[in-house]
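Take a look at the letters that make up each chain.
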Amino acid sequence: MEEKKIVTESGIEIKTVYTAHADSKELPGQYPFTRGVQEDMYRSKLWTMRQYAGFSTAEESNKRYKYLLANGTTGLSVAFDLPTQIGFDSDHELSDGEVGKAGVAIDSLRDVEILFDGIQLGNITTSMTINSTASILLAMYIALAKKQGADIKKISGTVQNDLLKEYAARGTYIYPPKQSMRIITDIFEYCSKEVPKWNTISISGYHIREAGSTAVQELAFTLANGKAYLKAALTKDLDINVFARRLSFFFNAHNNLLQEVAKFRAARRMWASITKELGATDPKAMMLRFHTQTGGSTLTAQQPENNIVRVAIQALSAVLGGTQSLHTNGYDEAMTLPTEEAARIALRTQQLIAYESGAADTVDPLGGSYFVETLTDELERKAWEYIEKIDAMGGSVAAIEAGYIQNEIANASFEYQQSIQSGERIIVGVNKFTREEPPFDKHLVVDDNIRQFQIEKIKQIKSQRDNKGVEELLVKLERTARSDANLMPVILECVEAYATLGEIADVMRKVFGIYTG
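Quick caveat: nothing in here was measured; it's all calculated off a predicted structure.

1. Brief notes about helix α17 (residues 450–464)
Here is step 1: Across its 15 residues, α17 extends 21 Å between first and last C-alpha, which sits within 8% of the 21 Å expected from 1.5 Å per residue.
Here is step 2: Every buried residue of α17 is listed here: Ile450, Gln454, Ile455, Lys457, Ile458 and Ile461. The arc that holds every buried residue of α17, seen down its axis, measures 160°, which confines them to one face. Across α17 from its buried face, at more than 90 degrees, point the exposed residues Lys459, Ser463 and Gln464.
Here is step 3: On its buried side, α17 packs onto α1 (58–70) and α3 (109–115).

Structure follows, in structure tokens:
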């Protein structure tokens, strides 16, 4: 295929990649992938523009997905409400006040059918930010794809499925670490055979950074967790050259543009080294592919229009750093779920970078910069120091159980807040360049009657399904959970029979127990 020719408006031709020397040892698409995982990166295909959305009911979220698709988004990303994330149906007493608030409420396969009504899963990639109940939501997605007639061996997307960061930084865990690792590796094994194009985990630094970590800590703790997942899969005799190809990462993009670019470059180089050390020989198993989301914790309620600029800077860092997909936050998200206007501006920000900035015209545009190369090396060096400490403790699981990672994040967060309060660190509109302003009045409000709407839907499902068949399948799930057999096939059977998310999670709670920290 003839190489795409790109020229500036001044008639200057842009090369695919620039190197200081013809014999440069680090080229894009080649180990250790510092400069990118594809030889031509965005010249042949732009990153996936994947807007994170989900609120209220499946019906309302479906409308937002269709709105985003009509405005040019190229991948869906689903946010789930807290009851869904921790395995409670909407009719559970602990769900009261939370149904549909932080994301969409999913109680059964029926909700997933509504969520993607009119959207062919064989034609789109979907990322699901779900961890403790990832096995159940993935099974629902597969069940719907089958009902739509899609070839499940060809459907693609991602489940976050990263429990280690939940214990360390976020808190939506259900089961103890050992049992969670069993479910995670069951997903690895099942998908490698049945859904081979699916990314079985998105190892997340995003929430580590949101909890207050530094860029170095985000890099180190994320890769240390990734190393733990590799080792867990290897203990099940899975082939690293197969399952590692379907691991992806999820990073945060903060305001320090050049540090963030260097962080992404260092992450690729470090992961290539980790996978090689653990036996990977296939280059695709050594590639760190990642999704990026702009920093939620950097958004301010003061002068919220400033967030549009923050998001643009952060999104640019992800593109210059070689991301594979990107979500840009709405400028109003410090106060509310994003309105349609805010979601559109966020998506347009990506489109402006893609089509007007020139950042996508060449691979690794900042490669060779003395400053960026030095930052890349320094971030890597400091991150390796952390990983060595974690390895000496016995790995991420042991470091989390000892409270080490949590304490390091907490200390970094405290120091950051102190620097803001002292004025050493300036946040525009917050501790400098402030002004009086009227209250923000563009809130997207979620109806408090959503819970009752979902409860009625659950009642209807239970009145229409084969309840005896569901009970038999839940007993089968309990037997499977008490054995060493893979959980995914029977979870799929349960969701196809319209067992609810809470019913399935409760069976596993009964067998695995609940982690209390």
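2. Some words on the sheet that holds strand β9 (residues 247–253)
In sheet architecture, strand pairing relies on hydrogen bonds along the backbone and comes in two forms, parallel and antiparallel.
Here is step 1: Pairing is parallel in the open sheet, where nine strands are placed in the order β7-β6-β5-β4-β3-β11-β10-β9-β8. Every other strand in the sheet has two partners, leaving β7 (198–199) and β8 (201–204) as the edge strands with one partner each.
Here is step 2: In this structure, strand β3 (residues 48–53) lies alongside strand β11 (residues 325–327), joined through two bridges in parallel fashion. Of the residues in β11, the one forming a bridge with methionine 49 is leucine 326.

3. Observations concerning the pattern of salt bridges
Here is step 1: Applying the stated criterion across every chain, the model contains 35 salt bridges.
Here is step 2: A salt bridge links arginine 451 to aspartate 96; the nearest nitrogen and oxygen atoms lie 3.8 Å apart. You can see arginine 451 sitting in helix α17 and its partner aspartate 96 sitting in the loop between α2 (82–85) and α3, a full 355 residues away along the chain.
Here is step 3: Accessibility expressed as a relative area gives 54% for aspartate 96, which makes it exposed.
Here is step 4: In this structure, the salt-bridge partner of arginine 381 is glutamate 378, at a minimum N-O distance of 2.9 Å. Residue arginine 381 and its partner glutamate 378 are both found in helix α14 (residues 370–393); the two are separated by three residues, about one turn of the helix.

4. Here we look at the environment of arginine 465
Here is step 1: Residue position: arginine 465 is located in the loop between α17 and α18 (467–482).
Here is step 2: Measuring from C-alpha to C-alpha, the distance between arginine 465 and tyrosine 498 comes to 6.7 Å, with 33 residues separating the pair along the chain.
Here is step 3: Setting aside anything within four residues of it in sequence, one finds arginine 465 in contact with Val470, Ala497, Tyr498, Ala499, Thr500 and Glu503.
Here is step 4: Only 2.7 Å separates the side chain of arginine 465 from the side chain of asparagine 467, close enough to count as a polar contact.
Here is step 5: Within polar-contact distance, the side chain of arginine 465 engages the side chain of glutamate 503 at 2.9 Å.

Rules of the game
Residues numbered from 1 in each chain as written. Predicted model: local features only at pLDDT ≥ 70, side-chain atom pairs only at ≥ 80, totals over all residues. Heavy atoms only, no water. Helix = DSSP H or I, 4+ residues; strand = E, 2+ residues; numbered from the N terminus. Expected span 1.5 Å × (residues − 1). Buried < 20%, exposed > 50% of the residue type's maximum accessible area, 1.4 Å probe, protein only. Arc of directions from axis to C-beta. Contact = heavy atoms within 4.5 Å. Pairing = 2+ DSSP bridges. Salt bridge = Lys/Arg side-chain N within 4 Å of Asp/Glu carboxyl O. Polar contact = N/O pair within 3.5 Å; in protein donor to acceptor, adjacent residues only side chain to side chain.

Honestly, it's all geometry; don't read function into it.
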